[in-house]
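Here is how the chains run, residue by residue.
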Amino acid sequence: LNKIGFEWNSFNQSWDRSYEELVSFVKEFSHTRVTKQFPPNPSLGIWVNTQRQNYKNYLKGDKSAKMTADRIQLLNKVGFE
């Protein structure tokens, strides 16, 4: 499976896909303030809100927060608020 590029951690793949959607949003709108109910892409709005919550939990030292230093760096790169 490794030889054919099987993705063992689909959570990372999903995160990367959503991040790319955020990058496209930033290119179009010049900000990262996606609303929870963003009509063209509701899942992006939910994902952005989740990242904000995960970041807050990460800062509190919550071990269950699904946020990493690498992800924070990527989000900062696009001006995540």
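Look above for the structure.
Let me sum up the structure you'll find in this document. For clarity, every value in this text was computed on a predicted model and none was experimentally measured.

This next bit is on the overall build of the protein. A tally of helices and strands in the protein yields three helices and zero strands. The burial tally for the protein puts 31% of its 81 residues in the buried class. Partitioning the contacts of the protein with sequence separation of at least 6, the portion at a separation of at least 24 is 44%. As displayed, the protein has an accessible area near 5,900 Å², and 52% of this comes from carbon and sulfur atoms.

Taken together, the buried positions of helix α3 (residues 69–77) are occupied by R71, I72 and L75. Each buried residue of α3 lies within a common arc of 100 degrees when the element is viewed along its axis, so the set occupies one face. Structural note: α3 exposes D70, Q73, N76 and K77 on the side pointing more than 90 degrees away from its buried face. Remark: G79 follows α3 within two positions and exhibits a positive phi of approximately 80 degrees.

Glancing now at unusual backbone geometry. Keep in mind that most residues, glycine aside, have a negative phi and that most peptide bonds are trans. Even without a glycine there, the phi angle at S30 is positive, about 65 degrees. Positionally, S30 belongs in the loop between α1 (10–29) and α2 (42–59).

Definitions and limits used
- Residues numbered from 1 in each chain as written.
- Predicted model: local features only at pLDDT ≥ 70, side-chain atom pairs only at ≥ 80, totals over all residues.
- Heavy atoms only, no water.
- Helix = DSSP H or I, 4+ residues; strand = E, 2+ residues; numbered from the N terminus.
- Buried < 20%, exposed > 50% of the residue type's maximum accessible area, 1.4 Å probe, protein only.
- Contact = heavy atoms within 4.5 Å.
- Areas by Shrake-Rupley, 256 points an atom, 1.4 Å probe, with all protein chains shown as cover.
- Arc of directions from axis to C-beta.

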